[in-house]
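# Chains, contacts and geometry: an overview
As a plain string of letters, each chain reads:
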Amino acid sequence: MSGKTAGAATRLLHAGAPALRDGSGPVNVPVVRTSTVRFENTAAHADYHHRRAAGERIASYGRHGLDTHRALEDAVTDLEGGHRAFLAPSGLAAISLVLLALLSPGDHALVADSVYSPVRRVDQTLLQRLGITLEYFSPGDDNLAGLIRPNTRLLYLESPSSLLYEVLDLPKLAAIARARGVTVVADNTWSGGWFYKPLALGAHISVQAATKYIAGHSDVMQGVVVVDSPALAANIATAHEALGLAIGADDAYLALRGLRTLPVRLAQHQRHATQVAQYLAQHPQVARVFYPALASDPGHALWRRDFSGASGLVSFEFRNADVAEANAFVDALAYFGIGASWGGYESLALVAQPERLREHSYWTGERPVVRLHVGLEDPVDLMADLGQAFGRVGAVAPARLFEAAVGV
Ligand SMILES: Cc1ncc(COP(=O)(O)O)c(C=O)c1O
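Given the structure is predicted, the values throughout are model-derived calculations rather than measurements.

### Remarks on the sheet that holds strand β6 (residues 205–209)
Strand order in the open sheet formed by seven strands is β1-β7-β6-β5-β4-β2-β3, with mixed pairing between adjacent strands. Whereas interior strands pair on both sides, the edge strands pair on one side only; in this sheet they are β1 (84–88) and β3 (133–137). Each neighbouring strand pair of the sheet contributes to a mean axis angle of 20°, computed without reference to strand direction. Sheet analysis places strand β2 (residues 108–112) next to β3, joined by five bridges and oriented parallel. Bridge pairing links His-108 to Thr-133 in β3.

### A closer look at the nonpolar core
Nonpolar side chains in soluble globular proteins generally cluster together in the buried interior. Grouped together as the largest cluster of nonpolar side chains are 124 residues, with contacts concentrated most on Val-98, Val-225, Ala-255, Val-276 and Val-314. Each of domain 1 (3–260) and domain 2 (262–406) accounts for three or more of the residues forming this core. When residues no more than four places from it in sequence are discounted, the contact partners of Ala-255 are Leu-72, Ala-210, Ile-214, Ala-215, Val-220 and Gln-222.

### Side note on the sheet that holds strand β8 (residues 286–290)
Strands in a sheet are paired, the pairing made by backbone hydrogen bonds, and the direction either parallel or antiparallel. Reading across the sheet, the five strands line up as β8-β9-β12-β11-β10 and stay open at both edges, with mixed pairing between neighbours. Pairing within the sheet leaves two strands with one partner each, and these edge strands are β8 and β10 (337–338). Taken together, the four bridges between strand β11 (residues 348–351) and strand β12 (residues 369–373) define a ladder with antiparallel strand orientation. Note that in β12 the partner of Ala-349 across the bridge is Leu-372. Lying on the sheet, helix α12 (residues 323–332) is in contact with β9 (313–318), β10, β11 and β12; it crosses β11 at an angle near 170°.

### Overview of the pairing of strand β5 (residues 183–187)
For β5, the tally of buried residues reaches five of five residues, placing the bulk of the element in the interior. Alternating residues of β5 divide into Thr-183, Val-185 and Asp-187 and Val-184 and Ala-186, and every residue in both groups is buried. In terms of handedness, the path from strand β4 (residues 152–158) via helix α7 (residues 170–179) over to β5 forms a crossover that is right-handed. Sheet topology note: the β5/β6 ladder contains three bridges and is parallel. Opposite Val-185, over in β6, you have Ile-205 as the bridge partner.

### Some thoughts on α12
Within α12, the full set of buried residues consists of Ala-326, Phe-329 and Val-330. Buried residues of α12, seen end-on, are gathered within an arc of 95° and therefore sit on one face of the element. Exposed side chains of α12 directed beyond 90 degrees from the buried face belong to Ala-324 and Asp-331. Each element contacted by the buried residues of α12 is listed here: β9, β10, β11, β12 and α14 (379–393).

### Let's talk about the domain arrangement of the chain
Looking at the chain, the domain boundaries give domain 1 (3–260) and domain 2 (262–406). Taken over C-alpha atoms, the centre of domain 1 sits 29 Å from the centre of domain 2. Contacts between the two partners involve 32 residues from domain 1 and, on the opposite side, 34 residues from domain 2. Counting residues per element, the ones that place at least two in the side of domain 1 that touches domain 2 are α1 (8–14) and α9 (249–260). Of the residues in the side of domain 1 that touches domain 2, the class split is 16 nonpolar, twelve polar and four charged.

Reading the values: rules and limits
Residues numbered from 1 in each chain as written. Predicted model: local features only at pLDDT ≥ 70, side-chain atom pairs only at ≥ 80, totals over all residues. Pairing = 2+ DSSP bridges. Helix = DSSP H or I, 4+ residues; strand = E, 2+ residues; numbered from the N terminus. Axes fitted to C-alpha atoms, helices over the stretch in contact; angles between N-to-C directions. Core = buried A, V, L, I, M, F, W, Y, C linked by C-beta atoms within 7 Å. Buried ≥ 20, exposed ≤ 12 C-beta atoms within 10 Å, placed from the backbone. Domains from an automatic or database assignment. Contact = placed C-beta atoms within 7 Å. Right-handed = clockwise from strand over helix to strand, strands pointing away. Arc of directions from axis to C-beta. Nonpolar A, V, L, I, M, F, W, Y, C, P; charged D, E, K, R; others polar.

In structure tokens form, the structure reads like this:
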């Protein structure tokens, strides 16, 4: 009843579960905190050390993590359909790990211009000093093949993109890169690994900020890297060890606990976010809604082809408001917290920084954009909250619109 033939949700619930000992045991994997791993004798210590150096997923020291870490790695590897997973102290650390592991001085990498903006900070503050060149390209244009140079080693992208959820044609882009021996890396944070499977669509590596949907409760910082082959695992393992990346067992436990309920949380985020997106789409103060599950979204056809669902992230552009009014709108919200994260159970709102929008060639608008993370609160309350906040910004009749959206 178990193993590879079980459904994805079943495997997610059981991956890494502890074996029963003497006929009984806990449901959850224990939190194994340690800095030191003890050995029976010096020969056993040496044996572990050598086996680990040869690539085995075992710990000879606390930094490598023990049972809790292994269980999380197993579950995330299964979730992404990969060969092996690595844990990092944050999503950004996971991204930096991949870039540092795979790029050397003189190398060139192509980066979709719509990626999570701090990738550019890694570029400017670290990679440029190492003689590595990142080139940002417009992923909707048809010119990827022309941009690949003899020294291009990596294609890095994120689909849907940060802030505006531009959906990329990953199978097409990955096929072009693969044909030229370029490694393809996808940031899969938006889907939590549940609604989107980059490794099955041509990527070699999937990276996630587990901080978001995997942990799911706004109480952990964490990153994961899942690779599709032993060769890439060896590359990442070497850099992971050299950088000394480690996460605490308590955080590994929290991420694993979050992972167990990922499908049900995401299904609910999707239901609520779809209602909110539909509500926004018919609001006179809204010029445009960014949500790939809406038929009006330019990425809708690709989303239908490659994704099995949509997350709780919804952005919208105001029709007339300026930045001060957009800030006033967000300040007026009662149920949406104001914060830079997302992926937890709660709703959040933030005015997107205009300079970050301008980095995206996809962005053609002029007015402020608000990014919402639609949480697990009652969506009727969330729409009423948005309605009253719109009412503070302009002279609209929010109550009437709200009634139309929820069909009451
Ligand atoms: C798409 C995406 N990737 C990576 C990260 C970085 O994750 P972390 O905040 O855990 O470093 C974020 C954070 O917001 C993100 O939105």
